[in-house]
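Here's the letter readout for the chains.
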Amino acid sequence: MPLISLRDVTKSYPPSSRGGAVVHAVQGLNLDIEAGDIYGIIGYSGAGKSTLVRLINALEDATSGSILVDGDEVTRMKESELRRLRLGIGMIFQQFNLFNSKTVAGNVAYPLEVAKTPRADIAPRVAELLDFVGLSDKARNYPEQLSGGQKQRVGIARALATSPRILLADEATSALDPETTHEVLELLKRVNTEFGVTIVVITHEMDVIQTLATKVAVMDGGRIVEQGDVFDVFSKPTEASSQRFVSTVVRGVPSDAELVALRQRHPGRIVTLSFRDGNTSQGAVFSDLAQAGVAFELIYGGINDIRGRVFGHLTLALTGYADAVDRALATIATKVDVTEAPSHE
Ligand SMILES: Nc1ncnc2c1ncn2[C@@H]1O[C@H](COP(=O)(O)OP(=O)(O)OP(=O)(O)O)[C@@H](O)[C@H]1O
């Protein structure tokens, strides 16, 4: 049984002004998240990602549909049951949301105090959590004395205080630089592997999905348009809207506008070769071109690594006799996907 299961969930907000339209933030949404998953939710701004997260921890009531967390129907819970549910779900935020008037230790202790943990148990638990996030030496500091990455580590320690089974991360690394992001992602991986916490990450950052998530759902207009294994969704998105979103985060096939610019510098034939793991290496393809006497220049693209599996798109400008180019492309097309850019004539 999935740990989190949403069926036909809808969330609508009333119009913000008289005569305005109802906002359908989430519509007919189905999603299953298994225990132990690190599940990425991606999509453009306004797609409904944050609303989805607020529905899971019942900060918002669904307009219709069913939300099961650990087998319990969230939409029918009484206030006391909701409080228990929320203790089992930690949350971290883009702006960290720490209490500036409390010390680091005070921030981490807070959810334990709310949960009425016996006083004698709080200090050792806080010490254990600060040790886990590598901030034992900052226990008496205040949030304003910390870097962004340190603040998020306090946020993580606080979110884990009541030993939740689920951690919701809403753009948790979006305010951090790449190196700090990497450290926080490594810490989240440990939260998953060492404590078995199921993590739902909302993000618009490819890096986060690439290094952290095991599964991903693409949201658009309040719906999930595509979901599945991260490698499959990113290397071969099937829906038009996920193709559009993925192309904004993965440097892949040049857009029409980019092609116009490339054409100005490379008037000859331009092809994009798409690699996915399991098919031919780049070396084999380049040697096919060389053997056919075709010169090439790499003009666009990149190779991505998702947890050791590789895919990418390389766009080449080719120079050579027309029949040699045709012959080489015919050979290469038996090994990788080849897309030739239309000529500008
Ligand atoms: N409390 C609210 N009242 C009215 N409309 C809302 C409310 N919260 C969200 N919305 C609307 O619901 C839609 C989805 O918003 P949501 O914040 O879930 O999107 P998002 O994908 O998380 O976007 P972002 O990446 O910008 O945070 C948007 O059109 C938003 O304006």
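Source: prediction; values computed, not measured.

We now examine the overall build of the protein chain. Helices and strands together make up the secondary structure of the protein chain, namely 12 helices and 14 strands. Considered along the principal axes of its C-alpha atoms, the protein chain spans approximately 80 × 55 × 40 Å. Expressed as a percentage of the 345 residues in the protein chain, the buried residues total 37%. Long-range contacts, defined here as pairs at least 24 residues apart, represent 68% of the contacts in the protein chain between residues at least 6 apart.

Turning next to the domain arrangement of the protein chain. What the domain assignment reports for the protein chain is domain 1 (4–249) and domain 2 (256–340). Each of domain 1 and domain 2 has a C-alpha centre, and the two are 40 Å apart. In this assembly, six residues from domain 1 lie in contact with five residues from domain 2. Looking at which element gives the most residues to the side of domain 1 that touches domain 2, the answer is helix 8 (residues 230–235), with four residues.

As a further point, take the site of the ligand. All residues adjacent to the ligand are Y13, V23, A25, G43, S45, G46, A47, G48, K49, S50 and T51. For the shell around the ligand, the secondary-structure elements that each account for two or more residues are strand 2 (23–33) and helix 1 (49–56). Ranked by residue count, the leading element in the shell around the ligand is helix 1, at three residues. Residues that form the shell around the ligand fall into these classes: four nonpolar, six polar and one charged.

A sheet is described by the order of its strands in space; here four strands give the open sequence 2-1-4-5, paired in antiparallel fashion. Strands at the two margins of the open sheet, each flanked by one partner only, are strand 2 and strand 5 (72–73). Sheet analysis places strand 4 (residues 64–69) next to strand 5, joined by two bridges and oriented antiparallel. Along strand 5, the bridge assignment pairs L68 with E73. Most of the contacts of helix 1 go to strand 2, to which it runs at about 60°, and overall it touches strand 1 (4–13), strand 2 and strand 4.

This brings us to the sheet that holds strand 9 (residues 215–220). An order of 6-7-8-3-9-10 is seen for the six strands of this open sheet, with the pairing classed as mixed. In this open sheet, the two strands that pair with only one neighbour each are strand 6 (89–93) and strand 10 (223–229). Neighbour-to-neighbour, the strand axes of this sheet turn through a mean angle of 15°, independent of strand direction. As judged from the four bridges shared by strand 3 (residues 38–42) and strand 9, these two strands associate in the parallel manner. When the bridges of strand 9 are listed, I41 appears paired with A217.

The contact between helix 3 (residues 104–114) and helix 5 (residues 148–160) brings their axes to 7 Å, and the two run at 30°. It follows from the interaxial angle that helix 3 and helix 5 lie roughly parallel. Helix 5 is crossed by helix 3, and the crossing has right-handed handedness. Each of V104, N107, V108, Y110 and P111 in helix 3 lies in contact with helix 5, whose residues at this interface are V154, A157 and R158. Among the residues forming the contact of helix 3 with helix 5, the class breakdown is six nonpolar, one polar and one charged.

Parameters and conventions
- Residues numbered from 1 in each chain as written.
- Predicted model: local features only at pLDDT ≥ 70, side-chain atom pairs only at ≥ 80, totals over all residues.
- Helix = DSSP H or I, 4+ residues; strand = E, 2+ residues; numbered from the N terminus.
- Buried ≥ 20, exposed ≤ 12 C-beta atoms within 10 Å, placed from the backbone.
- Contact = placed C-beta atoms within 7 Å.
- Domains from an automatic or database assignment.
- Near = placed C-beta within 6 Å.
- Nonpolar A, V, L, I, M, F, W, Y, C, P; charged D, E, K, R; others polar.
- Pairing = 2+ DSSP bridges.
- Axes fitted to C-alpha atoms, helices over the stretch in contact; angles between N-to-C directions.
- Parallel < 35°, antiparallel > 145°, perpendicular 65-115°, else oblique.
- Left-handed = near helix turned anticlockwise from the far one by under 90°.

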